[in-house]
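In case you want the letters, here they are:
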Amino acid sequence: MTDEKNNKSFIKRNPWIIIPAILIMGGVFINNIIDLNAKKTPNQWTTKDHREMVDQCILDTKEMGTKYPDLTKEYCECSMTQIQAKLSKDQYVVTIDKPVAEQTKILLPIFQGCLTEYQNKMKTAQDK
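A brief look at the structure comes next. Remember, it's a predicted structure, so these values are computed and weren't measured experimentally.

Turning our attention to helix H3 (residues 47–60). Its 14 residues give H3 an end-to-end C-alpha distance of 20 Å, which sits within 8% of 20 Å, the value for a rise of 1.5 Å per residue. Those residues of H3 not exposed but buried are Asp49, His50, Met53, Val54 and Cys57. Taken down its axis, H3 places every buried residue within 130° of arc, on the same side. Turned more than 90 degrees from where H3 packs its buried face, Lys48 and Leu59 sit exposed. In the core, the buried residues of H3 are packed alongside helix H5 (69–86) and helix H6 (89–96). Just beyond H3, the residue with positive phi is Lys62, at close to 50°.

Printed below as a string of structure tokens:
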């Protein structure tokens, strides 16, 4: 009977414990909701993503990147900006996992303007 009395009287003796317990449980609940919402939102492009994509683009141009470094950097920045404006990060990741022919079919129309300008500027630079 003493145990039963101690169990019942704990809350009666310490009613203040209910408020922190509710606050802690509420905080955990809200934190879990925030985490779930963060997982549901698509990955957003970051400046780091942009920089890495531009750097990879420059590397992929190989000889042209060496011959025309400024033009190549400008072309890569333009192309990556266009891709990031048209595709979500998740869409881009799915696209680059496809065969090159499919990637080209999807991505080329997005940055065609940048490529045409790059080619025209290289031609002008060669003519000088």
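What follows picks up the thread again.
Right, let's get into the environment of Trp45. Mapped onto the fold, Trp45 is located in the loop between helix H2 (18–40) and H3. Between the C-alpha atoms of Trp45 and Ala85, which are 40 residues apart in sequence, the distance is 9.4 Å. Discounting residues that sit within four places of it in the chain, Trp45 has contacts with Met53, Gln84, Leu87, Ser88, Lys89 and Tyr92. At a separation of 3.4 Å, a polar atom in the side chain of Trp45 contacts the main-chain carbonyl oxygen of Gln84. A polar atom in the side chain of Trp45 sits 2.8 Å from the backbone oxygen of Leu87.

On to the pattern of salt bridges. Close approach of charged atoms lets side chains of opposite charge pair. What the rule picks out here adds up to seven salt bridges. Between Lys89 and Asp49 there is a salt bridge, and its shortest N-O distance comes to 2.9 Å. Here Asp49 lies in helix H3 and Lys89 lies in helix H6, a separation of 40 residues in the sequence. Here Arg51 ties to Asp55 by a salt bridge, and the two come within 3.8 Å at their closest N and O atoms.

A word on the packing of H5 against helix H7 (residues 100–127). At a minimum axis separation of 8 Å, H5 and H7 run at an interaxial angle of 165°. Our classification of the angle between H5 and H7 gives roughly antiparallel. For the crossing formed where H5 meets H7, the hand is right-handed. When H5 is examined against H7, the residues Leu71, Thr72, Glu74, Tyr75, Cys78, Ser79, Gln82, Ile83 and Lys86 are found in contact with a partner set consisting of Leu107, Ile110, Phe111, Cys114, Leu115, Glu117, Tyr118, Lys121, Met122 and Ala125. Counted by class, the contact of H5 with H7 contains twelve nonpolar, three polar and four charged residues.

What counts and how
- Residues numbered from 1 in each chain as written.
- Predicted model: local features only at pLDDT ≥ 70, side-chain atom pairs only at ≥ 80, totals over all residues.
- Heavy atoms only, no water.
- Helix = DSSP H or I, 4+ residues; strand = E, 2+ residues; numbered from the N terminus.
- Expected span 1.5 Å × (residues − 1).
- Buried < 20%, exposed > 50% of the residue type's maximum accessible area, 1.4 Å probe, protein only.
- Arc of directions from axis to C-beta.
- Contact = heavy atoms within 4.5 Å.
- Polar contact = N/O pair within 3.5 Å; in protein donor to acceptor, adjacent residues only side chain to side chain.
- Salt bridge = Lys/Arg side-chain N within 4 Å of Asp/Glu carboxyl O.
- Axes fitted to C-alpha atoms, helices over the stretch in contact; angles between N-to-C directions.
- Parallel < 35°, antiparallel > 145°, perpendicular 65-115°, else oblique.
- Left-handed = near helix turned anticlockwise from the far one by under 90°.
- Nonpolar A, V, L, I, M, F, W, Y, C, P; charged D, E, K, R; others polar.

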